[in-house]
Amino acid sequence: MPQWSPNGMRLAFVATREQTGKLRTHYVVDGMESEPYDHVYAGRFLNNGASFSFVGVKDKGISLIIDGKRLISFDEFL
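Position numbers for residues count from 1 along each chain, tracking the sequence in the order it is written. Reporting in this predicted model follows two pLDDT cut-offs: at least 70 for local features of residues, and 80 or more for side-chain atom pairs to be given and counted; totals over whole chains, interfaces and linings ignore these cut-offs and use all residues. Based on all heavy atoms of the structure, the side-chain values leave hydrogens and waters out of the count.

## Comments concerning the pairing of strand β6 (residues 51-58)
Here is step 1: Taken across its eight residues, β6 has six buried, putting it largely inside the fold.
Here is step 2: Note: strand β5 (residues 39-46) against β6, six bridges, orientation antiparallel. Paired with leucine 46 across the bridge in β6 is serine 51.
Here is step 3: Turn length for the β5-β6 hairpin, with the two strands adjacent in sequence and antiparallel, is four residues, and the turn residue asparagine 47 shows positive phi of about 50°.
Here is step 4: Whether two strands pair comes down to DSSP finding at least two bridges between them. Secondary structure follows DSSP: runs of H or I at least 4 residues long count as helices, runs of E at least 2 residues long count as strands, and numbering of each begins at the N terminus. Pairing analysis gives six bridges linking β6 to strand β7 (residues 61-66), with the strands arranged antiparallel. Across the sheet, the residue bridging to lysine 58 is glycine 61, located in β7. Buried, partly exposed and exposed residues are distinguished by accessible area as a fraction of the type maximum, computed with a 1.4 Å probe on protein chains only: under 20%, between the cut-offs, and over 50%, respectively.

## Description of the nonpolar core
Here is step 1: By size, the foremost hydrophobic cluster in this structure holds nine residues: Ala12, Tyr27, Val29, Tyr37, Val40, Phe45, Phe52, Phe54 and Ile65.
Here is step 2: Of all the secondary structure elements, the ones that give two or more residues to this core are β3 (22-29), β5 and β6.
Here is step 3: Contacts are assigned to residue pairs with any non-hydrogen atoms lying within 4.5 Å of each other. If we skip the residues at most four places from it in the chain, phenylalanine 52 touches Gln3, Ala12, Tyr27, Val29, Gly43, Arg44, Phe45, Ile65, Ile66 and Asp67. The definition of a nonpolar core used throughout is a set of buried Ala, Val, Leu, Ile, Met, Phe, Trp, Tyr and Cys residues joined through side-chain atoms within 4.5 Å.

## Considerations on the packing of aromatic side chains
Here is step 1: Only Phe, Tyr and Trp rings take part, Trp by its six-membered ring, and two of them pair if their centres are within 6.5 Å. Stacked means planes under 30 degrees apart, edge-to-face means over 60, and tilted covers everything else. Under the counting rule described, the total for this entry stands at five aromatic pairs.
Here is step 2: Here tyrosine 27 and phenylalanine 54 contribute two aromatic rings whose centre-to-centre distance is 5.0 Å and whose plane-to-plane angle is 45°, an arrangement assigned as tilted. Highlighted residues: tyrosine 27 in strand β3 and phenylalanine 54 in strand β6, separated in sequence by 27 residues. An identical accessibility class is assigned to tyrosine 27 and phenylalanine 54; each is buried.
Here is step 3: With a centroid separation of 6.4 Å and 40° between ring planes, the pair formed by phenylalanine 52 and phenylalanine 54 is classed as tilted. Summarising the burial analysis for this pair, phenylalanine 52 and phenylalanine 54 share the class buried.
Here is step 4: Connected via pairs of aromatic rings, a cluster forms that spans Tyr27, Tyr37, Phe45, Phe52 and Phe54.

Written out as structure tokens, the structure reads:
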């Protein structure tokens with residue numbers, strides 16, 4: 001489902017494409033694609049739409065991404 005920012009000025013959605021023989025998922029925010037992940041979860045606009053955050057999972061690692069920057073990563077999760 002597409003997500004509009006609280007102020008209605010920005011749009012985010014999830015897209016999927018095949019990359020090197022593997023299906024990868026990424027968020028598209030304002031037309032810009034995030035880094036591809038195995039799965040993405042919990043995408044949310046923050047600060048009345050000024051920032052966008054989500055959780056990305058790749059190769060059994062999990063990361064919190066805000067505005068395209070990986071802020072924290074864990075090697076694996078249960």
